[in-house]
Amino acid sequence: MIEDTGIAERALRLALSLPHVSYAEAYLERLRSVSAAVEQGEANGAGASERFGLRIRVIRRGRLYTISTDKEDIRALDSCLRRMGEFGGKAAVTSLSDERKENASYSVKEAIPIEDGNPLNELDKAEKRAASLGFVKYRSFYASLGRSESYYLNAEGTEIYADVPSFSFFGSIIASVNGESRQRFLQLGGVGGYEGFEKLLIDDAVVEEAGRLRNVMEKGVSLPQDKLKRIRNVVASPEIVGIAVHESIGHANEADRIMGREAAQAGMSYLEVEDAGKRIASEAVTIIDDPTIKNAYGYYLYDDEGVKAYGKKIVERGFQKEFLTNREYAAELGKKSNASSRSDDYSNEPIIRMSNTYLKPGRYGPDELMEEARTGVYIRSFMEWNIDDTRSFARYQGNEAYLIEKGEVSKPVKNYVLEAGTAELWNAVTMVGSDFGLYVGSCGKGEPMQGVPVTMGGGSALLAFGR
Amino acid sequence: MATLVEKAVRIAMKADFDDAVAIVKDEKEDYLKVANSKADSLVEEHDRIITVFLAKDKRLLFVSLENPKESVLEKRIKKAAAEIAAIRPKNDYNGIAQGRKHYSADRSSYKEFSNIDAGFLSDMANGMINGAEDGGAASVAGTLYLNSYATEFCTSGGYSGGSFSAHMRVSIRCFGKISSFQDFAVLKRAGDLDAYEFGKRAAEMSNMVKKKGKTDAGRYDIIYMPSPAGSLLSNINSMACMGNIETGSPLSGKLNKAVGNGGLTILDSGNFAGSVDYRTYDDEGMKTSTTEVIRDGILRNYLHNFSTAKKYRTRSTGNAGLVEPEPGTPIIRHRNSAKNLDALIGEVKKGILITNTWYTRFSNYLTGDFSTVPRDLSVMIRNGEPEFAIRHGGASSMVGIRISENMLRMAKSASLAGGKPVQTTSWDSEGDYCFCPPMLVEGVSVTTL
């Protein structure tokens, strides 16, 4: 835990002493990380980073200011705050929702402190095993171990200490068989001690994915476009469900996006404020965003505005249930914040973000989904994906996909792409599997672009288009 | 008196490292966000980060510290001397550039922006909003971004120096009745932009076409405005960096072969006049230059630092990043050019004008297969005339089409430019800049909602 919080306390007092300041908060953060990269068998350097800085947010005359500095000198901050320029004319007036005063301290258990680990060991194992396969022609592996210690306090007396160690892995492999190539990105990660990093079993995951790429290339068929277009039943794995949940439901339910604050950056939403409570999916669909899932990559117990986090339903049985909010947009909606305010580090403004977002598992085994589909496609993983800025029209490329024939998974199909409108996709969900997986990602939003750790997933889903 | 970076290199060499490079960057960034036709909020960031690259027996370590005291820096470098033994060697590492040169800093653009405050940004935002509203925009969003930084560097190879840089980036997104339109301005001097006119023009563009309609999936000739053309074709320069050539690039093994249209030339420059990213030296102190990546459709050069150049028995192109070669500013040109955008539209029988794209994602970096999503004004063109704005959804920004492409196919099918290259960027390219003209690419695969 950060011990010397004096500068944050002094900064808060200073901000509140300035004329016309109605609200202030301070966020102090120390970030430490080590990283390693291995490319084509060569150790491409190791890194060590240490950062420490302070962010102050202030509302003065209704205008919202965020100032960050790494100068551990109250005089430098004083000068920043006093120089805080006026932005007038056509300007927004910001107010915040009333929230409970919190006083908390939390940390994550570590059997092996994250600092005692060396990410290079696991990368070397993965590299050796992937290279030994012979057909994985290009290999790039990167891993990072880090710790964020933070201290938050605000004018209302909320005070939160947090100590969160985390670990992540990113790998790119390109397998090549008979003159054909296929690429896979693999992201793994979590929150906790070094033992969590070891448990990722990176080498096993890399070897398994490489084998799957080879299988698709060796045994896969390419179907003609007209046949692909006639496919109506699709079983989506938790990985595919996860990216679809994140892109077309999670982002679309961010209140700042709905209300236009991201319009010039990460875009808009097909939802409007008036769409609250509207049916946006089939009855089989319940979607949850839960930052409190232990050891999940998007874990936190209090958000970056000191609001206590909880699992919230974004969609319940097909109906839009809750927009993701921070205090600013909760106030706009006349509600309490649901603790979705996050920044990627102390230097950037906290904005509305997802955490661990998933489709609530159903009661069917994956085999039952295949049986119900009878004929169609099972899509297990993707490489390329994108969506328009209103979150209405998405594409998930079937990096690993199979035909479903007579209710069973059969041969791989090389060129299947799931491209559908959001409403069409979520209304097509007829069954949700009891299986469950969460997949790691870094979610980008805002300007400056902020990447925050998230997970996305859920149970498998049967999409019966046109039914 | 020795600077912090000189001291860092001195401490490193005393600690028996073979090579050391220290770079300190003192940066200030201001973002005034515009949303719903109002100035929304202001973010001001200050940081000072020193990064020290250390090499010993081909083992490489990067240490990055935020605003450290000298004693902390010294302690950290000494700790690194113990840590580096645990790192595996990079066997193909060949050291850093050797020479003797001090680069002195040019403060001109830095001074230009030094007195700008929130009041100036606010006035500019209001000018932009007023212009857009007068131009017919129903709603306006955007960002006014001001960046200034000072860097100093020193290498054990004998190079040192510093630089100052400052620029502004203004983005606007106007929402009209039929469509939306996003535009970017990149400024090296604050007075270079008439914010009111910039806003008005963007609003007028969003209302450029009076009709909306749907289109079918199929192949179209696409005219990309400079922002999408540049953000897509700039990938070529990343793909030409030696690190990427070694880990999977469609340009691998294609040196001196045709990879683009015969009229297409793509340069990579560290010191192109007027470029926001102008610098006279790279991260290991080599003088920056302009390198032909593609000349008249032929792949001429990969981009190197000292170490990769030595490995491949060539010369550094002055593209050293601290880890591996990095692209400078892409400059995209075409020998065949229509007079301007209107003339380029006049050349197209059946096609689409794309003014903005985002969410470009590759399915395979080795083959260069990718897809991207047009957002904002996309105009159906028939017989050289704009016909209607493509809209497959309710919102005015909802185009509802997707482009599936291959980077080399795109380069080969880029048949005609529509004027001179302009400096541009996009939200999607995260602050990377390039120079690019409007570009016609033939036979592009388009799918629809």
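Criteria and cut-off values
- Residues numbered from 1 in each chain as written.
- Chains lettered and ligands numbered in written order.
- Predicted model: local features only at pLDDT ≥ 70, side-chain atom pairs only at ≥ 80, totals over all residues.
- Heavy atoms only, no water.
- Buried < 20%, exposed > 50% of the residue type's maximum accessible area, 1.4 Å probe, protein only.
- Helix = DSSP H or I, 4+ residues; strand = E, 2+ residues; numbered from the N terminus.
- Pairing = 2+ DSSP bridges.
- Contact = heavy atoms within 4.5 Å.
- Buried area = accessible area lost by both parts, 1.4 Å probe.
- Salt bridge = Lys/Arg side-chain N within 4 Å of Asp/Glu carboxyl O.
- Nonpolar A, V, L, I, M, F, W, Y, C, P; charged D, E, K, R; others polar.
- Axes fitted to C-alpha atoms, helices over the stretch in contact; angles between N-to-C directions.
- Left-handed = near helix turned anticlockwise from the far one by under 90°.
- Domains from an automatic or database assignment.
- Polar contact = N/O pair within 3.5 Å; in protein donor to acceptor, adjacent residues only side chain to side chain.
- Core = buried A, V, L, I, M, F, W, Y, C linked by side-chain atoms within 4.5 Å.
- Lys, Arg positive; Asp, Glu negative; His and termini not counted.

**Here we look at the pairing of strand β5 (residues 139-155) of chain B**
Residue and element names in this part refer to chain B.
Then step 1. With 15 of its 17 residues buried, β5 lies for the most part within the structure.
Then step 2. Across 14 bridges, the pairing between strand β1 (residues 19-35) and β5 is antiparallel. Bridge pairing links L32 to L144 in β5.
Then step 3. Two strands pair when backbone bridges link them, and β5 and strand β6 (residues 159-175) are joined in this way by 16 bridges, in the antiparallel orientation. Among the inter-strand pairings, A141 is bridged to a residue of β6, identified as R173.

**Thoughts on the interface of chain B and chain A**
Then step 1. Taken together, the 83 residues of chain B in the interface contact 83 residues of chain A.
Then step 2. Summing both sides of the interface, chain B and chain A together bury roughly 6,700 Å²; the carbon and sulfur share of this comes to 48%.
Then step 3. On the chain B side of the contact with chain A, B:R88, B:R402 and B:W427 bury the most area, a combined 11% of that side's loss.
Then step 4. On inspection of chain B and its partner chain A, the count reaches 10 salt bridges.
Then step 5. Where B:R375 meets A:D389, a salt bridge forms, and the shortest distance between an N and an O atom there is 3.9 Å.
Then step 6. For the side of chain B that touches chain A, the element with the most residues is strand β2 (residues 38-56) of chain B, which contributes 12 residues.
Then step 7. Of the residues belonging to the side of chain B that touches chain A, the class tally is 33 nonpolar, 27 polar and 23 charged.

**Comments concerning the environment of A:V285**
Residues and elements named next belong to chain A.
Then step 1. As for its position among the elements, V285 is in the loop between α8 (255-258) and β9 (287-289).
Then step 2. V285 gets classed as buried once you look at its relative accessible area, which sits at 0%.
Then step 3. The sequence separation of V285 and G376 amounts to 91 residues, and the corresponding C-alpha distance is 21 Å.

**Quick notes on the pattern of salt bridges**
Residue and element names in this part refer to chain A.
Then step 1. Summed over the entire model, instances satisfying the criterion amount to 65 salt bridges over all chains.
Then step 2. Linking E305 and R57 is a salt bridge whose minimum nitrogen-to-oxygen distance equals 2.5 Å. Here R57 lies in strand β2 (residues 42-60) and E305 lies in the loop between β9 and β10 (312-316), a separation of 248 residues in the sequence.
Then step 3. Note on E305: relative accessible area 2%, which makes it buried.
Then step 4. Its salt-bridge partner being D226, residue R230 comes within 3.8 Å of it at the nearest N-O pair.
Then step 5. Its relative accessible area of 55% is what places R230 among the exposed residues.
Then step 6. What emerges from the salt-bridge pattern is a single network uniting R184, E208, E209, R212, E239, R380 and E400.

**A short note on helix α6 (residues 226-233) of chain B**
Then step 1. Summarising burial for α6(B): eight of the eight residues are buried, a large majority.
Then step 2. All of the buried residues along α6(B) are B:P226, B:S227, B:P228, B:A229, B:G230, B:S231, B:L232 and B:L233.

**Concerning the packing of helix α4 (residues 118-134) of chain B against helix α5 (residues 195-206) of chain B**
All names here are of chain B.
Then step 1. Packing of α4 against α5 leaves a shortest axis separation of 6 Å and a crossing angle of 35°. Crossing handedness for the pair α4 and α5: right-handed. Residues M124, G127, M128, N130, G131, A132 and D134 of α4 touch α5, and the partners they reach there are A195, Y196, F198, G199, K200 and A203.
Then step 2. For the contact of α4 with α5, a count of residues per class yields seven nonpolar, four polar and two charged.

**Let's talk about unusual backbone geometry**
Then step 1. The residue after A:E447, namely A:P448, is reached through a cis peptide bond having omega 5°.
Then step 2. In this structure, A:P448 sits in the loop between β20 (437-445) and β21 (450-458).
Then step 3. Non-glycine residue B:N67 carries a positive phi angle of around 40°.
Then step 4. You can see B:N67 is positioned in the loop between β3 (59-66) and α2 (70-83).
Then step 5. A relative accessible area of 21% places B:N67 in the partly exposed class.

**With respect to the domain arrangement of chain B**
All names here are of chain B.
Then step 1. Assigned domains within chain B: domain 1 (4-206) and domain 2 (212-448).
Then step 2. On the domain 2 side, the residues contacting the 34 residues of domain 1 number 36 residues.
Then step 3. Buried surface at the junction of domain 1 and domain 2, summed over both partners, amounts to about 3,000 Å²; 58% is from carbon and sulfur atoms.
Then step 4. Counting across the domain 1 and domain 2 interface gives two salt bridges.
Then step 5. A salt bridge links K311 to D92; the shortest N-O distance between them is 2.6 Å.
Then step 6. At the junction of domain 1 and domain 2, the tally comes to 16 residue pairs in polar contact (both at pLDDT 80 or more).
Then step 7. If you list the elements that add at least two residues to the side of domain 1 that touches domain 2, you get β1, β2, β5, β6 and β7 (180-187).

**Observations concerning the nonpolar core**
Then step 1. Grouped together as the largest cluster of nonpolar side chains are 73 residues, with contacts concentrated most on A:L54, A:I56, A:L81, B:L144, B:M168 and B:V170.
Then step 2. Tallying contributions element by element places α4(B) first for this core, with seven residues.
Then step 3. Non-local contacts of B:M168, meaning those with residues more than four positions away in its chain, are made with B:F113, B:F120, B:L121, B:M124, B:L144, B:Y145, B:L146, B:A185, B:V186 and B:L187.
Then step 4. If you look at the next biggest cluster of nonpolar residues, it comprises 58 residues, including A:I249, A:A266, A:L324 and B:W358.

**Regarding the side chain of A:D435**
All names here are of chain A.
Then step 1. Structurally, D435 is set in the loop between β19 (429-432) and β20.
Then step 2. The charged side chain of D435 is buried without a salt bridge, its nearest counter-charge being R380 at 9.8 Å.
Then step 3. Polar side-chain contacts of D435 include one of 2.5 Å to the side chain of S460.
Then step 4. If we skip the residues at most four places from it in the chain, D435 touches P238, P361, P366, G458, G459 and S460.

**Remarks on the pairing of strand β4 (residues 103-107) of chain A**
Residue and element names in this part refer to chain A.
Then step 1. Burial along β4 is one-sided: A104 and Y106 are buried, and none of N103, S105 and S107, which face the opposite way, are.
Then step 2. Relative to strand β6 (residues 159-177), β4 is paired through five bridges, and the arrangement is parallel. Bridged to S105 within β6 is Y161.

**Topic: the sheet that holds β10(A)**
Strand pairing in a sheet relies on backbone hydrogen bonds. The paired strands run either parallel or antiparallel.
Residues and elements named next belong to chain A.
Then step 1. Across the sheet, which stays open at both edges, the six strands sit in the order β11-β10-β9-β14-β21-β20 with mixed pairing between neighbours. Two strands in the sheet have a free side with no partner beyond their single neighbour: β11 (319-320) and β20.
Then step 2. Note: strand β14 (residues 356-359) against β21, four bridges, orientation parallel. Along β21, the bridge assignment pairs L359 with G458.
Then step 3. Contacting β9, β10, β14, β20 and β21, helix α7 (residues 238-250) runs over the sheet at an angle of about 125° to β21.

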